[in-house]
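Structure at a glance
Here is how the chains run, residue by residue.
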Amino acid sequence: MIRYVLRRLLQLIPVFFGTTFLIYALVWAVPGDPFSGKCGQTACPQAYIDLMTQKFHLNDNLIVQYFKYLGSLFTGDWGETFNGNSVGELIGNAYPITLRLALVAVLIEAVIGLTAGVLTGLRGKGFLDNLVLVSTTFLISLPVFVTAIVLQIVLGTEFGIIDTSVSDNPGFGELIVPGIALGSLSMAYIARLTRTSIAENRHADYIRTAIAKGQPRSRVVGVHLLRNSVIPVLTFLGTDLGALMGGAIVTEGVFNINGLGGLIFRGIQNRESATVTGVVVLLVLVYLLMSLIVDLLYAVLDPRIRYD
Amino acid sequence: MEWNMRRSRRLWGAAAVVTTLSLVLTACGGGSGSSGSSGEVDPNGTFTVYGTEPQNTLIPTNTNELGGSKAVDAMFAELVAFKGDNAQPYNQMAESITTPDSKVYDIKIKQGWKFHDGTEVKAKNFVDAWNYGAYAPNGQINTDFFSNIQGYSDVHPDDKAAKPTTDKMSGLVVKGDYEFQVTLNAPFSVFETKIGYTAFAPLPDAFFKDPKAFAEHPIGNGPMKFVSRTPNADIKLTRFDDYQGQDKVKFKDLDIKIYASQETAYQDLLSNKLDFIETLPPSALAGSKYKSDLKDNLVTGHLLGISTIAIPYYVPGYNNLDLRKAISMAIDRTQITKTVMNDTYVPADGYISQGIPGYRPGVCEFCKFDPAQAKQLFAQSGFKGKLTIASNADGGRKEPLVAACNSIKNVLGVECDFVPATDFGQWRSIVTGHKLTGMGRSDWSADYPSIEDFLNPIYKTGASSNDSTYSNPAVDKLLEQADATPDKDAAVKIYQQAEDLIAKDLPSIPVWDEKGVAAKSKHTKTVVLDFRRRADYSSVEVTK
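Criteria and cut-off values
- Residues numbered from 1 in each chain as written.
- Chains lettered and ligands numbered in written order.
- Predicted model: local features only at pLDDT ≥ 70, side-chain atom pairs only at ≥ 80, totals over all residues.
- Heavy atoms only, no water.
- Helix = DSSP H or I, 4+ residues; strand = E, 2+ residues; numbered from the N terminus.
- Contact = heavy atoms within 4.5 Å.
- Areas by Shrake-Rupley, 256 points an atom, 1.4 Å probe, with all protein chains shown as cover.
- Lys, Arg positive; Asp, Glu negative; His and termini not counted.
- Charge placed at Lys NZ, Arg CZ, Asp CG, Glu CD.
- Core = buried A, V, L, I, M, F, W, Y, C linked by side-chain atoms within 4.5 Å.
- Buried < 20%, exposed > 50% of the residue type's maximum accessible area, 1.4 Å probe, protein only.
- pLDDT = per-residue confidence, 0-100.
- Disulfide = S-S within 2.5 Å.
- Buried area = accessible area lost by both parts, 1.4 Å probe.
- Salt bridge = Lys/Arg side-chain N within 4 Å of Asp/Glu carboxyl O.
- Polar contact = N/O pair within 3.5 Å; in protein donor to acceptor, adjacent residues only side chain to side chain.
- Nonpolar A, V, L, I, M, F, W, Y, C, P; charged D, E, K, R; others polar.

Right, let's talk about the overall build of chain A for a bit. Secondary structure assignment for chain A yields 12 helices and 0 strands. Ordered by position from N to C terminus, the α and β elements of chain A give α-α-α-α-α-α-α-α-α-α-α-α. Overall, chain A is about 80 × 55 × 30 Å in size when its C-alpha atoms are taken along their principal axes. Once local pairs closer than 6 in sequence are excluded, the contacts in chain A between residues at least 24 apart make up 75%. Element-wise, carbon and sulfur atoms account for 68% of the exposed surface of chain A, whose accessible area totals about 15,000 Å². Side-chain charges in chain A split into 21 positive and 20 negative, and the spacing between the mean points of these groups amounts to 16 Å.

Structure representation (structure tokens):
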């Protein structure tokens, strides 16, 4: 097990450097003048351009810039935005909110998606199965921003049940509706995935053996069936938590949530390269960590993997 | 907390409605409010406005966009201020501004004004602030505004590589605690109006001791003082009770709430969570939906700005006066402003925004829609090929220009295409790099309300925003003459002559002039939209 973990950890290093370099290059090396349009309808004064060029090392070539960036990153300095805010501070303010939102979304996904999947997977064809099929198809075909805006306008502006935007530092309650919007797509996928997986394993030999041994039904389903069926779902949930951090871009934009997604949303809008790079680097770390955890969980759930 | 406050405000609102209703029923109704809100004015209320993240540090010399100036303008008071409703300049911190020749200005400031940290505002605070703004190594965004003060080239050499020889401009001399003298490079009669611009605010001594700390907690001399700022979330200001100016505010707290999307802010406004938004999102403008959404809560103003379609001289084939006239007369401005722009703009007929002293209707005689003459002029021009209009396509810029293109196409029978740029940044780099291959959008909004600000920066040879490379020595001469004319009315007349010449050359085609539509919540009793698309805070009254 320890060798397995070590190997997985070592694999993270080249992936980290590769992805962060790509991000840095993509964000900073976009063709065109980074100062065009920064000063409104008139051109930026040369003095301002000089100051900023020096501050962001724009005169160096890209590789040198990247290593200067990494250097300060390792000392805990995420850099500064054009308007002088510390990116580290921005991320520090934003990540707890996004984490809360992602948790709400994952919870909604897992609870509703898994329940619907298990129920339909066990029962097979029938009214419930059709209902889940139709509703998940509907959810999958809706882009997240449509779901979010419809929920916002209907529940917020029209009925006044929720606030149309979320406060600066929202609690879990305020995040339920944005969480539904954010998690709806994955919820549908999870329901589908679980259903297929359960339906497949339902007739497996080990289940029949368990039933034949006279195990109670709850144990057969809960331990034998679910443990094996949940592996593909877990992969999905794990990477989804990473995706939720980034996928929240749209949802956080719509509900004006001050999280990481909102930070990228604004960063891209205002062409704040430092913010975008910083947040995306963080998201890469989250992805890497999540896939590591998922892989380790695999090994726990299915011993065959760790002996590989 | 926020939530509770809102709720109690809602209750108060209901109570207030009942009270007013009974007042009306007993025929006690007195004053007529310009807006539909009712209820008692709350001097300790909070006014929440839509905001965007400031693009630079919150220092007057480094703020030139709407997001930052919403906060900076409330925190600082300049020598001259502009009235919210008609943009009339008046002396604010200035006791008197006198000049014998429009070149040397003697400025006396009022006594007893205080910065928010309790120190008194003195003449040297202005001089130091202006020197700081002009000094090249400080890299301030508004540095160009100081360029006509004598000695600017010493602190800010044109040559990028040259080091400034000093950090003080010779044209600024402190003559006492409350008096200083400004000497300009050349006579400039509009200077008195120009110093009402944000960049000319004074800075306290604390700023020069530690600019970095100041940027985090700015100290101004304006009607509101800084409380706190959370990046991407909000900027909070509160009333400065020692404020001496006449533009005092009638509410207590100003909460600039930063939104990622206008659409969300608009939804918040409709549900009364936000009190003011100065611009409406495209979805609300579509089909004039905003009129039914807002009813009494619609606020209209008149922005001092103008939209034109520039016809760059460097594009082959376009340097042709008949073609310019034909294009201009083929655009049905009335129709487009009404249908495509949903009444948020009015047709333009000159190079100066309506509402500026010196504006005359019908200056641009070729701005009338006249299909027959347009066709004839187009035939005369002998132009072959395709016309294009380029612009950034976001923010509702595309639709009116596509409509203009169609209007040209229908009248002249020539192909016309809209060429999109992805965003404002890319668009600006095309314009400033002189890479246009046809016509292009060219919008201008005034930094200060003067006819001069609509001509000098755009139409003078080699001027900072003369992106069409227009050059007419006669125009240059008139503009210089007007700048040097001390008598304001006489100067305006000469600026008008320059405008007449420009209108004959048609370096750009005036198309429309933005009215400015804003929206307020029902908690806001009155609010005026000023010429710079900001809520005039001194006009704001919020109800309980």
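Next comes the rest of the description.
In this section: the nonpolar core. Counting residues in hydrophobic clusters, the biggest one holds 137 residues, and the most contacted among them are B:Phe47, B:Leu79, B:Trp130, B:Phe180, B:Val182, B:Leu254 and B:Ile408. Ignoring sequence-local partners within four residues, the contact set of B:Phe180 consists of B:Leu79, B:Tyr105, B:Asp106, B:Ile107, B:Ile109, B:Ala123, B:Phe126, B:Val127, B:Trp130, B:Val173, B:Val174 and B:Lys175. Ranked by size, the runner-up nonpolar core spans 39 residues in total, among them A:Phe16, A:Ile23, A:Val281 and A:Leu283.

Summing up the model confidence of chain A, the mean pLDDT is 84 and the portion of residues at 70 or higher is 97%. No element of chain A has a lower mean pLDDT than helix α12 (residues 303–306) of chain A, at 69, and none a higher one than helix α5 (residues 127–141) of chain A, at 90.

Turning next to the state of the cysteines. Residues and elements named next belong to chain B. One pass over the full model with this rule turns up 2 disulfides over all chains. Across the disulfide from Cys364 sits Cys367; the S-S distance is 2.1 Å. Around the S-S axis, the bridge from Cys364 to Cys367 shows a dihedral of about 80° and counts as right-handed. Here Cys367 falls in the buried class, since its relative accessible area comes to 7%. Shown here is the disulfide that connects Cys405 with Cys416, its sulfur atoms set 2.0 Å apart. For the disulfide bridge between Cys405 and Cys416, the dihedral angle about the S-S bond is near -80°, and by the sign convention the bridge is left-handed. One end of the pair, Cys405, is in helix α14 (residues 398–412); the other, Cys416, is in strand β16 (residues 416–421), with 11 residues separating them in the sequence.

This part is about the interface of chain A and chain B. Between chain A and chain B, the residue contacts involve 37 residues of the former and 46 residues of the latter. Summing both sides of the interface, chain A and chain B together bury roughly 3,400 Å²; the carbon and sulfur share of this comes to 47%. Looking only at chain A, the three residues that lose the most surface to chain B are A:Gln41, A:Asn83 and A:Arg266, adding up to 19% of its buried area. Counting across the chain A and chain B interface gives 2 salt bridges. Note that A:Asp163 is salt-bridged to B:Lys273, the shortest N-O span being 3.9 Å. Summed over the shared surface of chain A and chain B, the number is 16 residue pairs in polar contact (both at pLDDT 80 or more). Where the side of chain A that touches chain B is concerned, the elements lending two or more residues are α2 (46–55), α4 (87–123), α6 (144–158), α9 (217–254) and α10 (260–269) of chain A. The greatest single-element share of the side of chain A that touches chain B, amounting to 5 residues, is contributed by α2(A). Residues of the side of chain A that touches chain B, tallied by class, amount to 13 nonpolar, 17 polar and 7 charged.

Here we come to the pattern of salt bridges. Per the counting criterion, the structure on display carries 30 salt bridges over all chains. Across the pair B:Asp343 and B:Lys291 runs a salt bridge whose closest N-O atoms are separated by 3.1 Å. Of the two residues, B:Asp343 sits in the loop between α12 (333–339) and β14 (345–347) while B:Lys291 sits in helix α10 (residues 289–294), which places them 52 residues apart along the sequence. Here B:Lys291 falls in the partly exposed class, since its relative accessible area comes to 37%. Where B:Arg428 meets B:Asp467, a salt bridge forms, and the shortest distance between an N and an O atom there is 3.8 Å. Of this pair, B:Arg428 sits in helix α15 (residues 424–432) while B:Asp467 sits in the loop between α16 (452–459) and α17 (473–483), and the two are 39 residues apart along the sequence. Ionic contacts of the salt-bridge type, sharing partners, join the residues A:Lys55, A:Glu80 and B:Lys212 into one network.

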